[in-house]
Amino acid sequence: MRIFLLRLTAKMLPALPTLCAIAGALLMFVVFLALQGKPALEACQLIYVGAFGSGFAWENTLQRAAPLMLTALCVAIPARTGLIIIGGEGAVALGGLACAVIPMMLPAAFPATPALLLMATAALVAGGAWIALAGWLRQYRGVNETISSLLLAYIALALFNHMVEGPLRHPESLNKPSTPPLPEEYLIGSLPGLDVHWGLFWGVLACIAMYVLVRHGVFGFSMSVVGGNVRAARLVGLPVNRIVLMACLLGGGAAGLAGMMEVAAIHGSANSALLAGYGYSGILVAFAARHNPLAIIACALVIGGIESSGSLLQRRLDLPGATTLVLQGLLFINLLAWESLTGWLGVWRLRLLETTRNPNRAVHA
Amino acid sequence: MTALSLETFGAGKSFGDFRALEDVSIQVAAGTVHALLGENGAGKSTLVKGLIGYSPLDQGRILLDGIEHAISSPRDAHALGIGMVYQHFTVAPGLTVAENLLLARGHLPWGISWVKERATLDAFMNTMPFRLALGSTVSGLSAGEKQKLELLKQLYLEHRFLILDEPTSVLTPQESEEVLGLVRDLAHRSELTVLMITHKFKEVMSFADEVTVLRKGKLVGHTKVEHTNPDELAKWMMGETRIAAAPKTRSPVKDKAPIGLEILRLCVASDRGTTAVNELSLKVRRGEIVGVAGISGNGQKELIEALLGQRRFLSGKISVNGVPYRATRNEMLQQKVFSLPEEPLHNACIAGMSVAENMALRNFDSPEMRRPGWRINRTAIRIRAQKLIAAFNVSPAFPDRPIGTLSGGNVQRAVLARELAEFATVLIAANPVFGLDFSAVSDIQARILAAREQGTAVLLVSEDLDELLELADTVLVMTNGRIVYAVDARSADRTTIGRYMGGHASSPRASLGGMVQHDDA
């Protein structure tokens, strides 16, 4: 029994920095509110109620968590190969745009299923290519991928706005420039029995698939080797550049898919409402999950929940809408600060495992 | 400023059980240039690090102008007027010469009165035998000018005893002559005393007044330069040819053995963009160990990285078993090319991954290590690791332990297990036992010899001449990115090798002309 507990602790240790960060962020958030004379504890409670307190709250949370899972993969997968990509927002925009363009090119009364497949493929390719461009710049031109992906995201957003407000603008969209609305039958519906669209299903599926790939796939192992020590990867002849580009394609493709889901399930056309910052919140989710695809599912729920509780805080406590953003910011700072625990984790884990191996020997032996 | 004389008595220093410096007494007279000569690991750096206070000596006394002083930190050394110019530049490239000089002073007020400082610096420059424009930015200076700035910094700090650590390793021959000439003139004007670490006999012969030679942490000789010659220095540095230890029974290299590794006119650039490997050619037969000797920094690192696929090469050709080789995974697998790089944790392992995973880096994608399809078989990886750990005595014998937590010798054993798990046709090894303890060294060397007996072509690059002479069949000397000398290891003369390593061979090309390696014709 004791050994089982020790093993379990060893398995859960990687979650420690994230748990510490959440506690730290909540503490700072409470202080932040208390300094303004607001009822801090009540606010925390409302955040919980607004996120997970009712069926309606849950649906709202899941709705927001779905794209976050996909955009978090855009950070987490390249991170396996040692890249820090923060330009997922650009891939979301281009994925959404690509998805909105496809129906315009299809003949009328084209059947829905192949059309949706085409839209998804276009979104995957558009998002993947954009992030792969950042990977290419790094591998072949020595440009820092964090900066280039961020700058490429600005270009993507500009491109998106240009197309939506210019060449692709639907003449009837007067106040809110949009592409022509998707035909009714191309829209993605809700999951059976829930008021949450199918994007959630695909988001969870993508996270599980990526987890299996990373943990059990030969390619996942190659990615870890490249991310762990690129000199060793070259020594054993791994095609480092190809693996990095592939990881960027996968990550960018996931973010592109997020854009497609938002367009085809919620907005019905590509417009500026798509650019709600899912790409940036995804960075937070991926860091909270410490780039573990399974943990991304849980972290996306937490962040999605915090975001969806904003309106409740606004209504009940008269707090500004940006309050939840403050909490997210505090969470991110705490995550980065607690990340320094990682160095110790390996040592602790080793001790725990060694104790399970020789329960009678002293731990420090 | 007047030059300072320095003496040590019985200087010693240990790192753990290892005696890096033992009972070394040197006398450096005021106003002279004193060369400190020795192989890598001879204790030169340990001695000067003790003098500069960076890593204080644990035995012996230091006398300056005849008075004993304790030096326990660089601050002490600075206060006593001892300064050091390091092998690599320690200037701030974005700042001007004037700013760099001021920066060297360390303690600066919060506001700098540039008018006043400029006047002081101008006055200082006027007293110097060589000058640099105070306003010019350092990044625009040539390597020789940067080295002059390093010297100016020391003079500006009024250091009167200067330690130079291989001061010309980054300079062209012309720049070297100029800088060393300036240093000598300063010394002979009794403004400075200079202790200069070098590998190059030519610099000793033309610029030093006296020379001290260290070997394996001990003093082997001290003399005036006019009383000696490069041959004697090489003999001191390398040791007398040892009484040939009963040669281990080893089968001779077969004349008709196929060529395992062939390098033809290979050119490789260094990180700085200079040509590090310059049209280098060599051949290694199957069942032969070819050793490459040389002072580090002569292109060995770049050569090895190019062979291992860690660095692109500019031109030339590498063939393995007669087939062109560009270090791709497929070629490595098909031709069975394996390698033992130096610093295995840095070059060949992922510290955070387990021993088992690290042992699988070569074959995790092979059919035995994967389940049908695209999935990896961690059970197979673990079982194989357990076998290898037992066969190669890796300790502790836990396949799940992160490899970064193992000792250096065991990391290298684990890498060796991975690289020699199956028969290799070519093995590329670079300083494979550097920094390892005695048992790991003999273990790993025995494995390399065993691979040779089985018919592996081994290229062994090493800074340790003893290791090369013991293991290799043929020894090549690499200087300035070229092979300048080739000799049969059994008939090798250490003195001659040392002379070529020091770049003091009169005409390297001509001497190589007579010696064509393994020409069947």
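This is a predicted model, so every value here is computed, not measured. (Residues numbered from 1 in each chain as written. Chains lettered and ligands numbered in written order. Predicted model: local features only at pLDDT ≥ 70, side-chain atom pairs only at ≥ 80, totals over all residues. Heavy atoms only, no water.)

Engineer: Help me understand the overall build of chain B, please; the structure alone is not making it clear to me.
Structural biologist: Within chain B, the secondary structure is distributed over 18 helices and 21 strands. In summary, chain B has a C-alpha radius of gyration of 26 Å against a globular reference of 24 Å for 521 residues, a match within 12%. Dimensions of chain B, computed from the C-alpha atoms along their principal axes, are close to 80 × 55 × 45 Å. A burial count over chain B gives 54% of its 521 residues as buried. Long-range contacts, defined as pairs at least 24 residues apart, comprise 70% of the intrachain contacts of chain B with a sequence gap of at least 6. When the accessible surface of chain B is summed, it comes to about 22900 Å², and 53% of that surface belongs to carbon and sulfur atoms. Here chain B contributes 58 positively and 58 negatively charged side chains, and the mean placements of these two sets differ by 7 Å. (Helix = DSSP H or I, 4+ residues; strand = E, 2+ residues; numbered from the N terminus. Rg over C-alpha atoms; globule rule 2.2 N^0.38 Å. Buried < 20%, exposed > 50% of the residue type's maximum accessible area, 1.4 Å probe, protein only. Contact = heavy atoms within 4.5 Å. Areas by Shrake-Rupley, 256 points an atom, 1.4 Å probe, with all protein chains shown as cover. Lys, Arg positive; Asp, Glu negative; His and termini not counted. Charge placed at Lys NZ, Arg CZ, Asp CG, Glu CD.)

Engineer: In this structure, what is going on with the side chain of Ser178(A)? I would like to understand it.
Structural biologist: Residues and elements named next belong to chain A. Following the sequence through the fold, Ser178 ends up in the loop between helix H7 (145–165) and helix H8 (199–216). Among the polar contacts listed, one links the side chain of Ser178 to the backbone oxygen of Lys176, at a separation of 3.0 Å. Within the local environment of Ser178, its side chain forms a polar contact with the side chain of Asn271, the two groups lying 3.3 Å apart. (Polar contact = N/O pair within 3.5 Å; in protein donor to acceptor, adjacent residues only side chain to side chain.)

Engineer: What is the right way to read the sheet that holds strand E13 (residues 275–285) of chain B from this model?
Structural biologist: Backbone-to-backbone hydrogen bonds join strands into a sheet, with any given pair of strands oriented parallel or antiparallel. Read across the open sheet, the four strands follow the order E13-E12-E15-E16 (chain B); overall the sheet is antiparallel. Looking at which strands have only one partner, the edges of the open sheet turn out to be E13 and strand E16 (323–324) of chain B. (Pairing = 2+ DSSP bridges.)

Engineer: Explanation requested: the sheet that holds strand E9 (residues 193–198) of chain B in the structure shown.
Structural biologist: Residues and elements named next belong to chain B. Taken together, six strands build an open sheet; the order of strands is E7-E8-E9-E4-E10-E11 and the sheet is mixed. Single-partner strands in this sheet number two, and they are strand E7 (82–85) and strand E11 (218–224). On average, each strand axis in the sheet is inclined to that of its neighbour by 20 degrees, with strand direction left out of account. Note that strand E8 (residues 161–165) and E9 share five bridges and pair parallel. Each bridged residue has a counterpart across the sheet, and for Ile163 the counterpart in E9 is Leu195. Docked against the sheet, helix H5 (residues 143–156) engages E7 and E8, running at close to 170 degrees with respect to E7. (Axes fitted to C-alpha atoms, helices over the stretch in contact; angles between N-to-C directions.)

Engineer: I'm lost on helix H15 (residues 323–338) of chain A in this one. Help?
Structural biologist: Every α-helix winds through 3.6 residues per turn, so residues three or four apart in the chain are directed the same way. Residues and elements named next belong to chain A. Over its 16 residues, H15 runs 23 Å from end to end, which matches the ideal 22 Å to within 8%, given 1.5 Å per residue. Among the residues of H15, Thr323, Thr324, Leu327, Gln328, Leu330, Leu331, Asn334 and Leu335 are the ones counted as buried. Buried residues along H15 cover an arc of 160 degrees about the axis, so they all sit on one side. Among the exposed residues of H15, those pointing more than 90 degrees away from its buried face are Leu325 and Ile333. Tucked inside the fold, the buried residues of H15 contact helix H2 (16–35), helix H3 (40–52), helix H12 (278–288), helix H13 (293–308) and helix H14 (310–317). (Expected span 1.5 Å × (residues − 1). Arc of directions from axis to C-beta.)

Engineer: Honestly, the pairing of strand E4 (residues 33–37) of chain B in this entry has me stumped. Any pointers?
Structural biologist: Residues in a regular strand project their side chains so that they alternate between the two faces of the sheet. Residue and element names in this part refer to chain B. The element E4 is largely enclosed, with a buried count of five among its five residues. Every second residue of E4 is oriented toward a common face, with Val33, Ala35 and Leu37 on one face and His34 and Leu36 on the other, all of them buried. Where E4 meets E9, five bridges bridge the pair, whose relative direction is parallel. Paired with Leu37 across the two strands is Thr198, which belongs to E9. In this structure, E4 lies alongside strand E10 (residues 210–215), joined through four bridges in parallel fashion. What sits directly across from Ala35, in E10, is Val211.

Engineer: What am I meant to see in the pairing of strand E14 (residues 289–293) of chain B here?
Structural biologist: All names here are of chain B. Of all five residues in E14, five are buried; the element is thus mostly enclosed. Residues Ile289, Gly291 and Ala293 line one face of E14 and the alternating positions Val290 and Val292 line the opposite face, and both faces are buried. The pairing of E14 with strand E19 (residues 457–461) spans four bridges and is parallel. Paired with Val290 across the strands is Leu459, a residue of E19. Pairing analysis gives four bridges linking E14 to strand E20 (residues 474–479), with the strands arranged parallel. If you follow Gly291 over to E20, its bridge partner there is Val475.

Engineer: Explanation requested: the domain arrangement of chain B in the structure shown.
Structural biologist: For an interface, size is often stated in terms of accessible area lost upon the parts coming together. Residues and elements named next belong to chain B. Parsing chain B into structural domains produces domain 1 (6–238), domain 2 (257–336 + 423–521) and domain 3 (351–422). Computed over C-alpha atoms, the centres of domain 1 and domain 2 are 33 Å apart. At the interface, 13 residues of domain 1 touch 13 residues of domain 2. Both faces combined, the contact of domain 1 with domain 2 buries some 1200 Å², and carbon together with sulfur accounts for 57% of it. Between domain 1 and domain 2 we count one salt bridge in total. In this structure, Arg499 engages Asp231 in a salt bridge whose closest nitrogen and oxygen atoms are separated by 2.5 Å. Here domain 1 is connected to domain 2 by one residue pair in polar contact (both at pLDDT 80 or more). Those elements that provide at least two residues to the side of domain 1 that touches domain 2 are helix H7 (201–207) and helix H8 (230–238). In terms of residues, the side of domain 1 that touches domain 2 owes the most to one element, H8, which gives five residues. (Domains from an automatic or database assignment. Buried area = accessible area lost by both parts, 1.4 Å probe. Salt bridge = Lys/Arg side-chain N within 4 Å of Asp/Glu carboxyl O.)

Engineer: Is there a simple way to explain the interface of chain B and chain A in this structure?
Structural biologist: On the chain A side, the residues contacting the 33 residues of chain B number 21 residues. Across the chain B/chain A interface, buried area totals approximately 2500 Å², and carbon plus sulfur atoms make up 64% of it. The largest per-residue losses of area from chain B upon contact with chain A belong to Phe364(B), Trp374(B) and Arg378(B), which jointly make up 22% of the total buried on that side. Our count for the contact surface shared by chain B and chain A stands at one salt bridge. The salt bridge partner of Arg231(A) is Glu305(B), with a shortest N-O separation of 2.7 Å. Between chain B and chain A we count eleven residue pairs in polar contact (both at pLDDT 80 or more) in total. Put simply, the parts of the chain that give the side of chain B that touches chain A at least two residues each are helix H9 (300–308), helix H10 (329–335) and helix H11 (344–347) of chain B. No other element matches H11(B), which puts three residues into the side of chain B that touches chain A.

Engineer: What should I look at first to understand the side chain of Arg329(B) in this one?
Structural biologist: Within the secondary structure, Arg329(B) sits in helix H10. For Arg329(B), a relative accessible area of 12% puts it in the buried group. With residues up to four places along the chain from it excluded, the contact list for Arg329(B) reads Val236(A), Gly237(A), Leu238(A), Leu361(B), Arg362(B), Asn363(B), Phe364(B) and Asp365(B).

Engineer: How do you make sense of the nonpolar core when you look at a structure like this?
Structural biologist: Across soluble globular proteins, nonpolar side chains have a tendency to be buried as a group. Membership of the largest hydrophobic core comes to 244 residues, with the highest contact counts inside it found for Met260(A), Ile296(A), Leu101(B), Leu261(B), Leu282(B), Met359(B) and Ile497(B). Among the elements that line this core, the one with the most residues is helix H11 (residues 240–267) of chain A, at 13 residues. Dropping the residues within four chain positions of it, Met260(A) is found in contact with Gly95(A), Gly96(A), Cys99(A), Leu116(A), Met119(A), Ala120(A), Ala123(A) and Ile188(A). (Core = buried A, V, L, I, M, F, W, Y, C linked by side-chain atoms within 4.5 Å.)

Engineer: So what exactly am I meant to see when it comes to empty space enclosed by the protein here?
Structural biologist: Any empty space left between atoms is shown by rolling a water-sized probe over those atoms. By the definition in use, this model includes five cavities of 30 Å³ or more. Quantified by volume, the largest cavity comes out at close to 80 Å³. If you trace the largest cavity, you find it lined by Val236(A), Arg329(B), Met332(B), Leu333(B), Val337(B), Phe338(B), Arg362(B), Asn363(B) and Glu422(B). Residue assignment for the lining of the largest cavity shows that the elements contributing at least two residues are H10 and strand E17 (337–340) of chain B. The leading source of residues in the lining of the largest cavity is H10(B), at three residues. Here the lining of the largest cavity is built from residues that sort into five nonpolar, one polar and three charged. Shared between two domains, the lining of the largest cavity takes at least three residues from each, and those domains are domain 2 (257–336 + 423–521) and domain 3 (351–422) of chain B. (1 Å grid on protein atoms, 1.4 Å probe; cavity = no way out; pocket = protein on both sides within 12 Å on 5 of 7 lines; lining within 4 Å. Points joined across faces, edges and corners; volume = space filled by probe spheres on them. Nonpolar A, V, L, I, M, F, W, Y, C, P; charged D, E, K, R; others polar.)

Engineer: Where do I start with the environment of Val284(B) in this structure?
Structural biologist: All names here are of chain B. Among the structural elements, Val284 can be located in strand E13. Residue Val284 is classed as buried on the basis of its relative accessible area, which comes to 1%. In this structure, the C-alpha to C-alpha distance between Val284 and Asn126, residues 158 residues apart in sequence, is 58 Å. Residues in contact with Val284, not counting those within four places in the same chain, are Ile259, Gly260, Leu261, Val290, Ala457, Val458 and Leu459.

Engineer: Help me understand unusual backbone geometry in this model?
Structural biologist: For residues that are not glycine, phi is negative in most cases, and the peptide bond is trans in most cases. Along the chain, Ser395(B) connects to Pro396(B) via a cis peptide bond; the corresponding omega equals -5 degrees. By the element assignment, Pro396(B) lies in the loop between helix H13 (378–391) and helix H14 (408–419). Non-glycine residue Arg290(A) carries a positive phi angle of around 50 degrees. Structurally, Arg290(A) can be placed in the loop between H12 and H13. Despite not being glycine, Asn480(B) shows a phi value in the positive range, around 50 degrees. Inspection of the secondary structure puts Asn480(B) in the loop between E20 and strand E21 (482–488).

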